[in-house]
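# Chains, contacts and geometry: an overview
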Amino acid sequence: MNASIPRTRSPLMALDQALSALLRELVPLPAVETVATIDADGRVLAEDLVSPLHVPPQDNTSMDGYAVRSADVTAPGVVLPVSQRIAAGHAGMPLLPGTCARIFTGAPMPPGADAVVMQEDTREVGGDIHGVHIDVVPQPGQWVRRAGEDVSLGAVVLARGVRLSPASVGLAAGMGRARVQVVGRPRVALFSTGDELVMPGEVAPEDMVAGAIYNSNRFFLRRLLERLGCEVSDLGIVPDRREATLAALRTAADHHDLILTSGGVSVGEEDHIKPAVQQLGTLDLWQIAMKPGKPFAYGTVRRDAGAGTDAGQPCHFIGLPGNPVSSFVTFLLLVRPFLLRLQGVPLAGCLHAWRPIRMRADFDLPRADKRREFLRVRRNSEGGLDLFPNQTSGVLTSASWADGLVDNPAGTTIARGDLVDYIALSELLT
Ligand code: AMP
Ligand code: MG
């Protein structure tokens, strides 16, 4: 992929256009692996899961009570002798006409019975016959869970390209699957650029030299990558020197599917990412009409001839802006769909990887921006949204405080009470 976008001083590119340029020709990873179903949460299916059985396998009761032939109970007050007892996990005998079966939730319906009377609607009758007084007239099928009502035999329950959730992992297990085939984990090399960066734990706050800042991007980018199922090689901070940058890119390309960097992609900046990636492959520097997060780079880095099965195929390169909030938001809106597509999620799902909902703004945004803005907001207890007061791209507190983003179109002001498009961060963080 090599989108023909001018490199500098270009008109701004729309986010949707950037996303489609990024995904359009992206080929999902070919590697498939078989994993235990219990470990498959977050992975993308490489096969259709077809159910080999009905779930539930037989008609069974959804209540503790008495299984009956509904025709035997024509009016409230009928007394039926109890002819058998069926607990979950045990099969009953055919139900003798004119009798009922004591039955417990999940137990299969005995042949002949067509309804269950819940025990709250019965009274035990003492004396010689062990029977129950039925207080209600059951409808046929009452409190019966039908065989196959959840999943029917032969159905494609989860299709190739579906990203598994905890519930779908349970569903796969419910059809007897102990293992499933999933797409291989993207191997991502992560590094930060910037001579101002120091690592927490390596330099104490009181020992920081003027101009130094802690590397926060490394922490959230790594966690975001891992949440998306990536295998991350953390290359730490690469010094702002040409040779070091080239060396890091060369080593990373051979063993990874994607090299992800932060910093050094702003226009006119003196940095080494741009020329180094250009020297080793291709680079498109985009100015995306979004705020935060204008600068964004996509490219490829050639692999060594000796790079094993990957030889010949270039490694993807994505350069995120250095400002923490820009880095965070561009990751969620561009890199996340990229990584989903790389794992075989269908293109349409990656182009629409979030679904905004309309919510009420409990704030004013009197000044419109030329760019589409992603405002850090939080839901309040009145059903509206509050705005984090400082929306600049260096203030990471806004992203930590927020539970969502308002997708505000370019040139649009917001007045208190307006309905706006809210994207829940919880949707973007999985
Ligand atoms: P850059 O994109 O390299 O021009 O960086 C833009 C701003 O983000 C500068 O103020 C950098 O100091 C800051 N920055 C860059 N990388 C990081 C990082 N890894 N952690 C925190 N801040 C960063
Ligand atoms: Mg920099």
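Preceding this paragraph is the structure being described.
Residues numbered from 1 in each chain as written. Chains lettered and ligands numbered in written order. Predicted model: local features only at pLDDT ≥ 70, side-chain atom pairs only at ≥ 80, totals over all residues. Heavy atoms only, no water.

## Here we look at the overall build of the chain
Secondary structure summary: the chain contains nine helices and 26 strands in total. Overall, the chain is about 95 × 60 × 45 Å in size when its C-alpha atoms are taken along their principal axes. The burial tally for the chain puts 49% of its 430 residues in the buried class. Put simply, the chain shows about 19800 Å² of open surface, and 53% of that area lies on carbon and sulfur atoms. (Helix = DSSP H or I, 4+ residues; strand = E, 2+ residues; numbered from the N terminus. Buried < 20%, exposed > 50% of the residue type's maximum accessible area, 1.4 Å probe, protein only. Areas by Shrake-Rupley, 256 points an atom, 1.4 Å probe, with all protein chains shown as cover.)

## As for helix 5 (residues 273-280)
Of all the residues in helix 5, the buried ones are Ile273, Lys274, Ala276, Val277 and Leu280. In this fold, the buried residues of helix 5 make contact with strand 13 (187-193), helix 4 (242-255), strand 17 (258-262), strand 18 (281-287), strand 20 (295-301) and strand 21 (315-320). (Contact = heavy atoms within 4.5 Å.)

## A few points about the packing of helix 4 against helix 5
Taken N-terminus to C-terminus, the directions of helix 4 and helix 5 make an angle of 50°; their axes are 9 Å apart at the nearest point. One way to sum up the angle between helix 4 and helix 5 is to call them oblique. Crossing angle aside, the handedness with which helix 4 passes helix 5 is right-handed. Note on element contacts: helix 5 touches helix 4 through Ile273, Pro275, Ala276, Val277, Gln279 and Leu280, opposite Arg242, Thr245, Leu246, Leu249 and Arg250. Its residues placed into classes, the contact of helix 4 with helix 5 shows seven nonpolar, two polar and two charged. (Axes fitted to C-alpha atoms, helices over the stretch in contact; angles between N-to-C directions. Parallel < 35°, antiparallel > 145°, perpendicular 65-115°, else oblique. Left-handed = near helix turned anticlockwise from the far one by under 90°. Nonpolar A, V, L, I, M, F, W, Y, C, P; charged D, E, K, R; others polar.)

## A few points about the packing of aromatic side chains
Evaluation of the coordinates by the stated rule reveals four aromatic pairs. Between the aromatic rings of Phe220 and Phe328, the centroid separation amounts to 5.6 Å while the plane-to-plane angle is 90°, which identifies the pairing as edge-to-face. Here the residue Phe220 occupies a position in helix 3 (residues 217-227), and Phe328 occupies one in helix 6 (residues 324-342), the gap between them amounting to 108 residues. Ring plane angle 20° and centroid distance 5.9 Å describe the contact between Trp286 and Phe296, whose orientation is recorded as stacked. In this pair, Trp286 is assigned in strand 18 and Phe296 in strand 20, connecting sequence segments 10 residues apart. In this pair, the class of Trp286 matches that of Phe296, namely buried. (Phe/Tyr/Trp six-rings, centres within 6.5 Å; stacked < 30°, edge-to-face > 60°.)

## As for the sheet that holds strand 20
One open sheet accounts for six strands, arranged 16-13-17-21-20-18; its pairing is mixed. Two strands bound the open sheet, and with one partner strand each, they are strand 16 (231-238) and strand 18. Averaged over all adjacent pairs, the angle separating strand axes in this sheet is 15°, with direction ignored. Note: strand 18 against strand 20, seven bridges, orientation antiparallel. Each residue of the ladder has a partner; that of Leu285, found in strand 20, is Ala297. Of the strands in this sheet, strand 13, strand 17, strand 18, strand 20 and strand 21 are in contact with helix 5, which crosses strand 18 at around 140°. (Pairing = 2+ DSSP bridges.)

## Looking at the pattern of salt bridges
A full pass over the atoms with the stated rule returns 19 salt bridges. Asp407 is the salt-bridge partner of Arg372, the closest N and O atoms lying 2.8 Å from each other. With Arg372 in strand 23 (residues 372-379) and Asp407 in strand 25 (residues 404-408), the pair connects residues that are 35 residues apart, well separated along the chain. The class of Asp407 is buried, set by a relative accessible area of 10%. Put simply, Arg379 and Asp403 hold a salt bridge, and the shortest N to O gap is 3.1 Å. With Arg379 in strand 23 and Asp403 in the loop between helix 8 (397-401) and strand 25, this pair connects stretches of sequence that are 24 residues apart. (Salt bridge = Lys/Arg side-chain N within 4 Å of Asp/Glu carboxyl O.)

## What about the environment of Asp407?
Considered as a pair, Asp407 and Leu171 are 236 residues apart in the sequence and their alpha carbons are 34 Å apart. Leaving out residues up to four positions away in the same chain, Asp407 has contacts with Arg372, Glu373, Phe374, Asp421 and Ile423. Here Arg372 takes part through its side chain, which lies 2.8 Å from a polar atom of the side chain of Asp407. (Polar contact = N/O pair within 3.5 Å; in protein donor to acceptor, adjacent residues only side chain to side chain.)

## Regarding the environment of Val132
By the secondary structure assignment, Val132 is in strand 9 (residues 131-134). Taking relative accessible area as the criterion, Val132 reaches 0% and is therefore assigned buried. Considering only alpha carbons, one finds Val132 and Thr122, 10 residues apart in sequence, at a separation of 6.3 Å. If we ignore the near neighbours within four places in the chain, the residues touching Val132 are Tyr66, Val78, Val79, Leu80, Val82, Cys100, Arg123, Glu124 and Val125.

## What about the pairing of strand 21?
Of all six residues making up strand 21, six are buried, and the element is well covered by its neighbours. Covered by surrounding structure in strand 21 are Cys315, Phe317 and Gly319 together with His316, Ile318 and Leu320, the residues of both alternating faces. Here strand 17 pairs with strand 21 via five bridges, running parallel. In the strand pairing of strand 21, Thr261 is matched with Gly319. Two elements, strand 20 and strand 21, share five bridges in a ladder whose sense is antiparallel. Across the sheet, residue Thr300 finds its bridge partner in strand 21, namely His316.

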